[in-house]
Amino acid sequence: MLQEAAHGKWTVSSSDESAEENSDNEKPSTSSVLDAAHDRASGPQYRCSEARKVAHKRKASPLKLNDKSFSADVPPPGKQRTSQEGSGWCLSSSDEEPEDQEKHAHKETLKEEKCDVAKEDPLSLCKDEKLSENRKSDKYDETPSEAQDTWDLLNEENSFRFFLTKVRGIEQRYNSGALHIKDILSPLFGTLVSSAQFNYCIDIGWLVRQYPLEFRKKPLLIVHGEKRESKAELLAQARPYENISFCQAKLDIAFGTHHTKMMLLLYEEGLRVVIHTSNLIAEDWHQKTQGIWLSPLYPRLPQGSTGSAGESETNFKSDLINYLMAYNSPILKEWIDLIQEHDLSETRVYLLGSTPGRYQGSDKEKWGHLRLRKLLKEYASSIPARESWPIVGQFSSIGSMGADGSKWLCSEFQESLVAAGHNMTTSLKCDVPMHLVYPTVNNVRQSLEGYPAGGSLPYSIQTAQKQLWLHSYFHKWSAEVSGRSRAIPHIKTYMRSSPDFQKIAWFLVTSANLSKAAWGALEKNGTQLMIRSYELGVLFLPSAFGLDKGYFHVRGKMLSESNDSTTHFPVPYDLPPEQYGNKDQPWIWNIPYTDAPDTHGNMWVPS
């Protein structure tokens, strides 16, 4: 279907596929593993969304503003539809789309030009292509912090243990106290015995290179959600590494993904848990804003300790074990036993996860937004005049919300986010202010990466055109406080702020985007919660940090020494958020932007 609007002309596919929201029951591809090997030579070496594939293509073949050749990629003029006022693009009422928050794309058509591959090893790539691809990936690799810097970071007072990832291209002072994956895996954090990596998008060759040389042959378990062809590709990537094993997360509900991002690191000295927001690919650790919660080093319990030993006041240990048990995989039993053998009592955060399923009765409150509701009711303080305390949600992708706010966002989801204290009365209307932070087209255009940064913001035209009402809640991305205004966010955060934005009642960093697939949706008259995806995050509540006032202060500058680090939470972006102006538009990945060049002088034509 041809569409025409202020951005130019584009095609909306009638197949209703977007990078975020794709059917899980894809047909098996007829392409062989040999084809997969060739495909990796011309595109990303890992399975990823359609939006990220386009970003990879545009980086490899940029289109300059004065490049006339791009016209072949843009469809000819079509039948013009009536524009929605202020939307900036034409809309269609067709194309129903499932509300998954991240998805796998179908394999692109392979280029005809292929190198000769030895018949006896169909997975081998041409050496030149392999070296070229590694060089492309390694250009993103950061040098880990100097040993002294890492040591200082581990020893300095950081009661929240909340970090951002390093960003190449910003002032060095804003990377002070930030972490690269090589820092996390550094010997200074512990002498690694084995590790488990839970993630969505994984480049195995790159991941292995992030481990120090002395740890690269230690046992590594990769927990993923790939199926069929994409699973075969993932296993093929790992063929050179005898130390790598896999655990496939069951995804029995359509459109679900394994979106959790967690590391379990077993050391000679103990155990560490890392819950974060980055895919295990080079570009996610390069010039994006990402969040990390780094646990303390958990010591091993004395032999003969009781089953409840080593539990924290936040029940983190039992909740983590329950989360791992939800995979129902014998492969994870070893890690469950290891967690049981360690002392996690120093943990001050609450674990908040989602696992696929349909839950009734008390099980409804184990996962998703009903789990957040339960935690806030039990452990958050009641807020005076709470109706005036806004909700802030910040995310990198958006699912289908329905025809209006009453369908999910301003009903069951908002009810969970405004919960506080045992005596809370519910309010089902959007009378609590809601500020949703999602990058504008100009945020992406002016970012460090330029338009290709939009590959990790896969909000599609098919979804956007059905929920224009949602865009009135949108606010720009701005992060002067952390020096990351031009580092497009892949972090996801939610919080409840005071009206003056100087205090927050709680703060959540998570893998969960704004979607029903991630958070769950009530069914059967509210008696059942259905969740499609695996997600994981940690919730910061003032009571767990010994603050009896019921709130954290917001740290004015993330690097400010004038704020007490035990009472001032380092919110990584600017508050209050600035609402979209009349000319601002949310980033939509699958339409072209040819009116103005990005920071690299390029345009965005996704076809």
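Residues numbered from 1 in each chain as written. Predicted model: local features only at pLDDT ≥ 70, side-chain atom pairs only at ≥ 80, totals over all residues. Heavy atoms only, no water.

Caption draft 1: Representation of the side chain of S515 in the model. Considering the arrangement of structural elements, one finds S515 in the loop between β19 (503-510) and α14 (516-519). We classify S515 as buried; its relative accessible area is 0%. In terms of polar contacts, S515 uses its side chain to reach the backbone amide nitrogen of A518, at 3.1 Å. (Helix = DSSP H or I, 4+ residues; strand = E, 2+ residues; numbered from the N terminus. Buried < 20%, exposed > 50% of the residue type's maximum accessible area, 1.4 Å probe, protein only. Polar contact = N/O pair within 3.5 Å; in protein donor to acceptor, adjacent residues only side chain to side chain.)

Caption draft 2: Representation of the packing of aromatic side chains. Applying the stated rule across the entire model yields 33 aromatic pairs. A ring pair is formed by F540 and F545, whose centres lie 6.2 Å apart and whose planes are at 25 degrees; its orientation type is stacked. Judged by relative accessible area, which is 0%, F540 ranks as buried. Of the residues examined, F545 reaches a relative accessible area of 8% and is grouped as buried. (Phe/Tyr/Trp six-rings, centres within 6.5 Å; stacked < 30°, edge-to-face > 60°.)

Caption draft 3: Layout of the confidence of the model for the chain. In the predicted model, the chain carries a mean pLDDT of 83, and the fraction of residues at 70 or more is 75%. Here residues 71-88 scores under 50 on pLDDT; set against residues more than four positions off or in separate chains, the count is 35 contacts. Contacts for the low-pLDDT stretch residues 90-132, under 50 throughout, to residues beyond four places or in other chains number 134 contacts. (pLDDT = per-residue confidence, 0-100. Contact = heavy atoms within 4.5 Å.)

Caption draft 4: Highlighting the UniProt feature "binding site: substrate" (unreviewed entry) in the chain. Within this numbering scheme, the UniProt entry marks K261 and K492 as carrying the feature "binding site: substrate" (unreviewed entry). For this annotated set, covering 232 residues, all C-alpha atoms fall within 11.9 Å of each other, a compact arrangement in space. Along the chain, K261 falls in the loop between β7 (244-248) and β8 (262-267). By relative accessible area, K261 is classed as buried at 0%. When near neighbours in sequence (up to four residues on either side) are disregarded, K261 contacts F198, N199, Y200, V274, I275, H276, T277, S278, N279 and H490. (UniProt positions renumbered as here; feature names shortened; annotations may be inferred.)

Caption draft 5: Layout of unusual backbone geometry. Put simply, L575 and P576 share a cis peptide bond, and its omega is -5 degrees. Mapped onto the fold, P576 is located in the loop between β24 (568-569) and β25 (602-603). Not every positive phi belongs to a glycine, and N315 is a case in point at roughly 60 degrees. Inspection of the secondary structure puts N315 in the loop between β11 (291-294) and α8 (316-325). Its identity is not glycine, yet N328 carries a phi of approximately 55 degrees, on the positive side. With respect to the secondary-structure elements, N328 resides in the loop between α8 and α9 (333-340). Judged by relative accessible area, N328 falls into the exposed class, the value being 57%.

Caption draft 6: Structural context of the side chain of H224. Take H224: it is sitting in strand β6 (residues 220-224). Judged by its relative accessible area of 1%, H224 falls in the buried class. In terms of polar contacts, H224 uses its side chain to reach the backbone amide nitrogen of E226, at 2.9 Å. If near-sequence neighbours (up to four positions away) are discounted, H224 is found in contact with N199, I202, K231, L234, F246, C247, Q248, A249 and H258.

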